[in-house]
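Single-letter residue listing:
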Amino acid sequence: KEQLLGIALFNQATPTIAALISFKVHPERRNRKIGTTLLAFSESVCRQWGIQQLLLNYRTYWKSNTYWEKILKQQQWQYHPPNMYYVHVNNTDILYEKMGLHIEAKPIFASINPQTWEQLKSTIAQPDWQNSIPDGLDPLQLANKQLDLQASVLILNNDRTNMIGWVIFHQLSKSIWQVTSLFVKEEYRTSKIGLAAIRESARRHQNRGRVHFMVQPENTKMLAYVKRYMTKWACDLFSQEVAYKEL
């Protein structure tokens, strides 16, 4: 009787490039070279189709990575630098306490409510804000997710007349929250205001569950702070790896 032991799915991005989008081996059949055989066969089929390069993105917090990376190594896949880092905060109370040791900045924060939310939308619609916010940091994204009013904050200038940034939280599930957007206007970024905003949101979050946020590789200062300090306190750092193979 035939039994499905594994599956590999590819998406052909261009005539010569294909992306591996799903690869699974039955848990009870691992460590029997089935995964290596399946990937090798998949590579040969792609080569017959005229594919010259295979691509793969995967996150290092996946539980199956121990098996997966072993297979990639056996098949001589190579790596580009990670294109994203993921921080999982396991205890925001500890994070708040420890961050106070390094952050002297004390910006003014405003809670998110219907009035300040409208203020945020009208502010970022102004011409001087239009080209300053990267697409991934749009505070209005994830409109279909539950906005966490308790932990989300606006950052104000010293005389409280202008908004200079924000931290936006969304609740993804019963026990998982996400920092969807952290942004500080460029002229205010030298005084650790962004880190102070993370600390304030951690205080407001009151350790209701795990918090996730992402750090782009080009944000070298934030990434260095996470690696040097936050991973020693209450955080785990993961990455999105970019693997490839020339056929």
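As a reminder, the structure under discussion sits directly above these lines.
Just so you know, these numbers come straight off a predicted model, no measurement behind them.

*Asks:* Explanation requested: the packing of helix α3 (residues 92-99) against helix α7 (residues 220-233) in the structure shown.
*Replies:* The relative placement of two packed helices is expressed as an angle between their axes plus a distance between the axes. α7 packs onto α3 with a crossing angle of 125 degrees between their chain directions and a minimal axis gap of 9 Å. In terms of orientation, α3 and α7 fall into the oblique class. For α3 against α7, the interelement crossing comes out right-handed. Touching Ile 94, Leu 95, Lys 98 and Met 99 of α3 are Tyr 225, Met 230 and Trp 233, all from α7. Its residues assigned to classes, the contact of α3 with α7 comprises 6 nonpolar, no polar and 1 charged.

*Asks:* Explanation requested: the nonpolar core in the structure shown.
*Replies:* What tends to happen in soluble globular proteins is that the nonpolar side chains get buried as a cluster. If you look at the biggest cluster of nonpolar residues, it comprises 34 residues, and the most contacted ones within it are Leu 95, Met 99, Phe 213, Met 222, Tyr 225, Met 230 and Trp 233. Taken together, the elements giving at least two residues each to this core come down to β4 (78-89), α3, β7 (153-156), β8 (163-171), β9 (176-184), α6 (193-205), β10 (210-215) and α7. The leading source of residues in this core is α7, at 7 residues. Residues within four places of Met 99 in sequence aside, it is in contact with Leu 195, Ile 198, Arg 199, Tyr 225 and Trp 233.

*Asks:* I keep staring at α6 and nothing clicks. Help me out?
*Replies:* Residues that lie three or four places apart on an α-helix share one face, since the helix turns once every 3.6 residues. For α6, with 13 residues, the first-to-last C-alpha span of 18 Å sits near the 18 Å given by 1.5 Å per residue. Along α6, 11 of the 13 residues are buried, which leaves the element largely enclosed by surrounding structure. Within α6 the residues assigned to the buried category are Ile 193, Gly 194, Leu 195, Ala 196, Ala 197, Ile 198, Glu 200, Ser 201, Ala 202, Arg 204 and His 205. Gln 206 occupies a position one or two residues after α6 and carries a positive phi of about 60 degrees.

*Asks:* Looking at this structure, I do not really get helix α2 (residues 65-74). What am I missing?
*Replies:* Those residues of α2 lying buried are Asn 65, Trp 68, Ile 71 and Leu 72. When α2 is viewed along its axis, its buried side chains cluster within an angular range of 130 degrees and face the same direction. Counted as exposed and oriented over 90 degrees from the buried face of α2: Thr 66 and Lys 73. Immediately beyond the C-terminal end of α2, within one or two residues, lies Gln 76, with a positive phi of roughly 65 degrees.

*Asks:* Looking at this structure, how should I read the side chain of His 212?
*Replies:* Within the secondary structure, His 212 is located in strand β10. Ignoring anything within four residues of it in the chain, the contact list for His 212 reads Val 87, His 88, Ile 176, Trp 177, Gln 178 and Val 179.

*Asks:* What is the right way to read a nonpolar patch on the surface from this model?
*Replies:* On the surface, a nonpolar cluster with roughly 260 Å² of combined accessible area is contributed by Ile 7, Leu 9 and Ile 21. With respect to the secondary-structure elements, Leu 9 resides in strand β1 (residues 6-14). Take Leu 9: its relative accessible area is 39%, and that puts it in the partly exposed class.

*Asks:* Help me out: how do you make sense of the pattern of salt bridges in this one?
*Replies:* Charged atoms that come close allow side chains of opposite charge to pair. Applying the stated rule across the entire model yields 6 salt bridges. Taking the shortest distance from any N to any O, the salt bridge between Glu 118 and Lys 121 comes out at 3.0 Å. Note that Glu 118 and Lys 121 are positioned in helix α4 (residues 114-124) at a spacing of 3 residues, about one turn of the helix. Within the structure, one salt-bridge network assembled from shared partners comprises Glu 200, Arg 203 and Arg 204.

What counts and how
- Residues numbered from 1 in each chain as written.
- Predicted model: local features only at pLDDT ≥ 70, side-chain atom pairs only at ≥ 80, totals over all residues.
- Heavy atoms only, no water.
- Axes fitted to C-alpha atoms, helices over the stretch in contact; angles between N-to-C directions.
- Helix = DSSP H or I, 4+ residues; strand = E, 2+ residues; numbered from the N terminus.
- Parallel < 35°, antiparallel > 145°, perpendicular 65-115°, else oblique.
- Left-handed = near helix turned anticlockwise from the far one by under 90°.
- Contact = heavy atoms within 4.5 Å.
- Nonpolar A, V, L, I, M, F, W, Y, C, P; charged D, E, K, R; others polar.
- Core = buried A, V, L, I, M, F, W, Y, C linked by side-chain atoms within 4.5 Å.
- Buried < 20%, exposed > 50% of the residue type's maximum accessible area, 1.4 Å probe, protein only.
- Expected span 1.5 Å × (residues − 1).
- Arc of directions from axis to C-beta.
- Patch = residues over 30% accessible without salt bridge, like charges linked within 9 Å, V, L, I, M, F, W, Y side chains within 5 Å.
- Areas by Shrake-Rupley, 256 points an atom, 1.4 Å probe, with all protein chains shown as cover.
- Salt bridge = Lys/Arg side-chain N within 4 Å of Asp/Glu carboxyl O.

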